[in-house]
Amino acid sequence: MSHSKNEEVETKEMDFKSMSSSRRYVHSARYLHKVGVPPKQNLFQEFKATVRETFLADDPLRPFKDQPRSRKFVLATQAIFPILEWGRSYSWGKFRGDLIAGLTIASLCIPQDIGYAKLAYLDPQYGLYSSFVPPLIYAFMGSSRDIAIGPVAVVSLLLGTMLSDELDPVQNKPEYLRLAFTATFFAGVTQATLGFLRLGFLIEFLSHAAIVGFMGGAAVTIALQQLKGLLGIKNFTKDTDIISVMKSVWSNVEHGWNWQTIVIGVSFLSFLLFAKYIGKRNKKFFWVPARAPLISVVLSTFFVFITHAEKQGVVIVKHIEKGINPSSVNQIYFTGEYLVKGMRIGVIAGMIALTEAAAIGRTFAAMKDYQIDGNKEMVALGTMNIVGSMTSCYIATGSFSRSAVNFMAGCETAVSNIVMSCVLFLTLEFITPLFKYTPNAILAAIIISAVAGLLDFEAAILIWKIDKFDFLACMGAFLGTVFSSVEIGLLIAVIISFAKILLQVTRPRTAILGKLPGTTVYRNIQQYPEATKVPGILIIRVDSAIYFSNSSYVRERILRWLMDEEEQVKAECQSTIQFLIIEMSPVTDIDTSGIHALEELHGSLQKKNIQLILANPAPVVIEKLHASNFANLIGDDKIFLTVADAVSSCSPKPVQEQGELSSRRDHE
């Protein structure tokens, strides 16, 4: 009797515990936080918010808030001309730094400008013109303290290649020059328009990896082109691919090479590379590689002058036009057949110049811990190229080599560009006749040493380690440039960059989640092998917005995950899948195609007697789920704030406990 009484007491205790646990479960379920639905916005409010976030994300009008009209006028003027803002606190100490930096970059840019003009198939003075007017404009309108403005190798090569495809620079020299000014004008218009309309995000579509590959390929192409001047070859191919260039080089071995030119070129190239090595080894000697090009020009010019090496086949610069920039307003094509050609070339070259300048500006701004306004930069670069096209300049932008020297020389503000322009003014007015005997070989050596820095092996290795697809983009752009042309390399870079975007958009990542031991946290089971799956429940996370471009893939991928899981469950004799939980935290948005895909997924799951559960949809997503009536279709009680809430509500554990209890009673 006592034994049966004990069993009765134990049974009552078990019933009490079961009831209390069941009550606790019901009590906790009753207080689960529901997913909130944001207040509905009207169409105008939604459109306004989207436009504001797209074009005015940095809130440029904030400084104008609650300001009197006079103050607003001052702020607007300072926004256009930042020099009026920082110029008020300018001091003699800052000027000393800018003066030294300006003189240093001037000594570097003069020989570079002459060489870069030749890359664009223009007379040497046009390179000097492009380092006189544009830097002055930028100094007043730019927001970067460190960028040094002028012609750059990649843009010069790109411009020369595209212009020479339309006109012969020798036989049609006047028309070629006019087309160059036209392209420069439209490059500036493109840049200024992007900045004014705040469309700077468009240049971000060219990935960093593609830029690294394109710049490296352009560096190799530029260096190969300089073999003509370095070896003294007169009959040289106009093609830029490596195969054509090497054929042209070796076909001239017997009679085309000039040994005097080779001696001059190789000797000074070795000197320039050694100077650059010294500057890299010790930052205190930054001035050595900066001054080396001008020293090389002076020494080689003096050597040719006293030896009359030009009579021995050494090609020299001969004549550089004296005087500052003449007007070229009437030379720009605003009508006729070359208008569209100039516009096309200008847009492409302007975008590349803009990309290079943006990368340089951000790099040095981060090093000095200050902010630059990307849209102001575009307006400044565009304005300086528009004015430059009217003053006999071709496309100018930020130069990495000059900006690095400018930075290391201790520049404080954009006044260093003004100092450089003043030096160029004196050069154009008084010094250009002295460059008459400068050998082309030394210009080739200067360009080769300058573009060597564009071959960034460390960046390529890092890209390989981080992302193999990025490395494919890098190598595609590099090989396309080296083995075909600059335009093809650029096209490949753009295509691969867009292909990566499309691949990421159309094929988003998905993952199966498991519960971390001792927590209510659910994470990717591949990243956390210790995470365990919940019996009877499959939890999947979608790591992207669900749009028309990927909705079908997301639905099919989820069904494949389910199929694989069912096969595994069947093989291991586990409980069948009863619930499918989709973790929607990373799903930032969804469109009608995405909702339609969820409806189709819900229908497919119903046929399998599996319930669809959603966890933590974003505000925009939950609003659209209610607007489309999908929330009512699956049931409002099937949408939870967290995965843990969803699992606790869907888990059959309490039912199992009650089943076990009833079976015990029957047995007794």
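Residues numbered from 1 in each chain as written. Predicted model: local features only at pLDDT ≥ 70, side-chain atom pairs only at ≥ 80, totals over all residues. Heavy atoms only, no water.

**A look at the overall build of the protein**
Of regular secondary structure, the protein possesses 28 helices and eight strands. Taken over C-alpha atoms, the radius of gyration comes to 34 Å for the protein, far larger than the 26 Å a tight globule of 668 residues would show. For the protein, buried positions account for 48% of its 668 residues. Accessible surface for the protein amounts to roughly 33,800 Å². Of this, 62% is attributable to carbon and sulfur atoms. (Helix = DSSP H or I, 4+ residues; strand = E, 2+ residues; numbered from the N terminus. Rg over C-alpha atoms; globule rule 2.2 N^0.38 Å. Buried < 20%, exposed > 50% of the residue type's maximum accessible area, 1.4 Å probe, protein only. Areas by Shrake-Rupley, 256 points an atom, 1.4 Å probe, with all protein chains shown as cover.)

**Re the confidence of the model for the protein**
Reading predicted coordinates in detail is not appropriate for stretches of low pLDDT. Here the protein averages 87 in pLDDT, and 91% of its residues register 70 or above. Taken element by element, the protein is modelled with least confidence in helix 28 (residues 653–667), mean pLDDT 42, and with most confidence in helix 7 (residues 133–141), mean pLDDT 96. When the criterion is pLDDT under 50, residues 653–668 qualifies, and its contacts beyond four places in sequence or with other chains add up to nine contacts. (pLDDT = per-residue confidence, 0-100. Contact = heavy atoms within 4.5 Å.)

**Quick look at the environment of Tyr522**
Inspection of the secondary structure assignment puts Tyr522 in strand 4 (residues 522–524). Each C-alpha atom of the pair Tyr522 and Ile539 lies 8.8 Å from the other, and the pair is 17 residues apart in sequence. Aside from chain neighbours lying at most four places away, what touches Tyr522 is Leu513, Gly514, Lys515, Val534, Ile539, Val643, Ala644 and Val647.

**Thoughts on the UniProt feature "domain: STAS" (unreviewed entry) in the protein**
Within this structure's numbering, the places UniProt gives as "domain: STAS" (unreviewed entry) are residues 527–650. For residues 527–650, helix accounts for 48% and strand for 15%, while the C-alpha atoms at its two ends are 25 Å apart. (UniProt positions renumbered as here; feature names shortened; annotations may be inferred.)

**Regarding unusual backbone geometry**
Positive phi is not limited to glycine here, since His308 has a value of about 50°. Secondary-structure assignment places His308 in the loop between helix 14 (287–307) and helix 15 (338–368). Positive phi outside glycine occurs at Asp369, with the angle close to 60°. Mapping Asp369 onto the fold places it in the loop between helix 15 and helix 16 (374–389).

**With respect to the packing of aromatic side chains**
A complete count under the given rule lists 14 aromatic pairs for this structure. Pairing Phe185 with Phe186 gives two aromatic rings, centres 5.2 Å apart and planes at 85°, and the pair type is edge-to-face. Given a relative accessible area of 12%, Phe185 falls into the buried group. Ring geometry for Tyr333 against Tyr338: centres 5.3 Å apart, planes inclined by 40°, an arrangement best described as tilted. We note that Tyr333, like Tyr338, is buried. Clustering of aromatic rings is evident, with ring pairs tying together Tyr126, Tyr129 and Phe181. (Phe/Tyr/Trp six-rings, centres within 6.5 Å; stacked < 30°, edge-to-face > 60°.)

**Thoughts on the pattern of salt bridges**
Under the criterion given, the structure shown has 15 salt bridges. Residue Asp467 pairs with Lys500 through a salt bridge whose shortest N-O separation is 3.5 Å. A residue pair is termed long-range when its members are at least 10 positions apart, and Asp467 in the loop between helix 20 (457–466) and helix 21 (468–483) and Lys500 in helix 22 (residues 486–506) qualify at 33 residues. Assessed through its relative accessible area of 24%, Asp467 is described here as partly exposed. Taking relative accessible area as the criterion, Lys500 reaches 18% and is therefore assigned buried. Here Lys608 and Glu566 are joined by a salt bridge, their closest N and O atoms 3.9 Å apart. (Salt bridge = Lys/Arg side-chain N within 4 Å of Asp/Glu carboxyl O.)

**Thoughts on the side chain of Glu565**
The residue Glu565 is located in helix 23 (residues 551–571) in this model. Judged by its relative accessible area of 7%, Glu565 is buried. Look past the residues within four positions of Glu565 in its chain and what remains in contact with it is Ile512, Lys533, Leu538 and Ile577.

**Quick word on helix 8 (residues 153–166)**
Every α-helix winds through 3.6 residues per turn, so residues three or four apart in the chain are directed the same way. The terminal C-alpha atoms of helix 8 lie 20 Å apart, and with 14 residues this matches the ideal 20 Å at 1.5 Å per residue to within 8%. Burial analysis of helix 8 places eleven of its 14 residues in the buried class, the great majority of the element. Taken as a whole, helix 8 has its buried residues at Ala153, Val154, Val155, Ser156, Leu157, Leu158, Leu159, Gly160, Thr161, Met162 and Leu163. (Expected span 1.5 Å × (residues − 1).)

**Some details on the state of the cysteines**
Tallied over the full model, the rule gives zero disulfides. Lacking any disulfide linkage, Cys422 is separated from the closest cysteine sulfur, that of Cys109, by 12 Å. Residue Cys422 is classed as partly exposed on the basis of its relative accessible area, which comes to 44%. (Disulfide = S-S within 2.5 Å.)

**Quick look at helix 25 (residues 619–627)**
Within helix 25, burial applies to Val621, Ile622 and Leu625. The buried residues of helix 25 all sit within an arc of 95° when viewed along its axis, so they share a single face. Facing away from the buried side of helix 25 by more than 90 degrees, the exposed set consists of Pro619 and Ala627. Contact partners of the buried residues in helix 25: helix 24 (592–607), strand 7 (611–615), helix 26 (630–634) and strand 8 (639–640). Looking one or two residues beyond helix 25, the residue adopting positive phi is Asn629, at roughly 70°. (Arc of directions from axis to C-beta.)

**Digging into the sheet that holds strand 5 (residues 537–542)**
The strand order across the open sheet formed by six strands is 4-3-5-6-7-8, and the pairing between neighbours is mixed. Each having just a single partner strand, strand 4 and strand 8 make up the two edges of the open sheet. As paired elements, strand 5 and strand 6 (residues 579–583) share five bridges and run parallel to each other. Counted as the bridge partner of Ile539 is Ile581 from strand 6. (Pairing = 2+ DSSP bridges.)

**Some remarks on the packing of helix 9 (residues 173–196) against helix 15**
At a closest axis distance of 7 Å, the pairing of helix 9 and helix 15 adopts a crossing angle of 55°. With respect to their mutual orientation, helix 9 and helix 15 come out oblique. As helix 9 packs across helix 15, the resulting crossing turns out to be right-handed. Note on element contacts: helix 15 touches helix 9 through Tyr338, Leu339, Lys341, Gly342, Met343, Ile345, Gly346, Val347, Gly350, Met351, Ala353 and Leu354, opposite Leu179, Thr182, Ala183, Phe186, Ala187, Thr190, Gln191 and Leu194. Class assignment of the residues belonging to the contact of helix 9 with helix 15 gives a composition of 13 nonpolar, six polar and one charged. (Axes fitted to C-alpha atoms, helices over the stretch in contact; angles between N-to-C directions. Parallel < 35°, antiparallel > 145°, perpendicular 65-115°, else oblique. Left-handed = near helix turned anticlockwise from the far one by under 90°. Nonpolar A, V, L, I, M, F, W, Y, C, P; charged D, E, K, R; others polar.)

**Things to note about the environment of Gly279**
Here Gly279 is to be found in helix 13 (residues 259–281). With relative accessibility at 8%, the residue Gly279 sits in the buried group. If near-sequence neighbours (up to four positions away) are discounted, Gly279 is found in contact with Phe285 and Pro289.

**With respect to the nonpolar core**
Membership of the largest hydrophobic core comes to 98 residues, with the highest contact counts inside it found for Leu122 and Ile352. Of all hydrophobic cores here, the second largest spans 33 residues; its members include Ile582, Val587, Leu598 and Ile622. (Core = buried A, V, L, I, M, F, W, Y, C linked by side-chain atoms within 4.5 Å.)

**Some thoughts on the pairing of strand 3 (residues 510–515)**
By the criterion of burial, strand 3 is predominantly enclosed, with five of the six residues buried. Taken together, the three bridges between strand 3 and strand 5 define a ladder with antiparallel strand orientation. The residue of strand 5 that forms the bridge with Ile512 is Ile540. With three bridges joining them, strand 3 and strand 4 adopt antiparallel strand pairing. Looking at the pairing, Leu513 lines up with Asn524 of strand 4.

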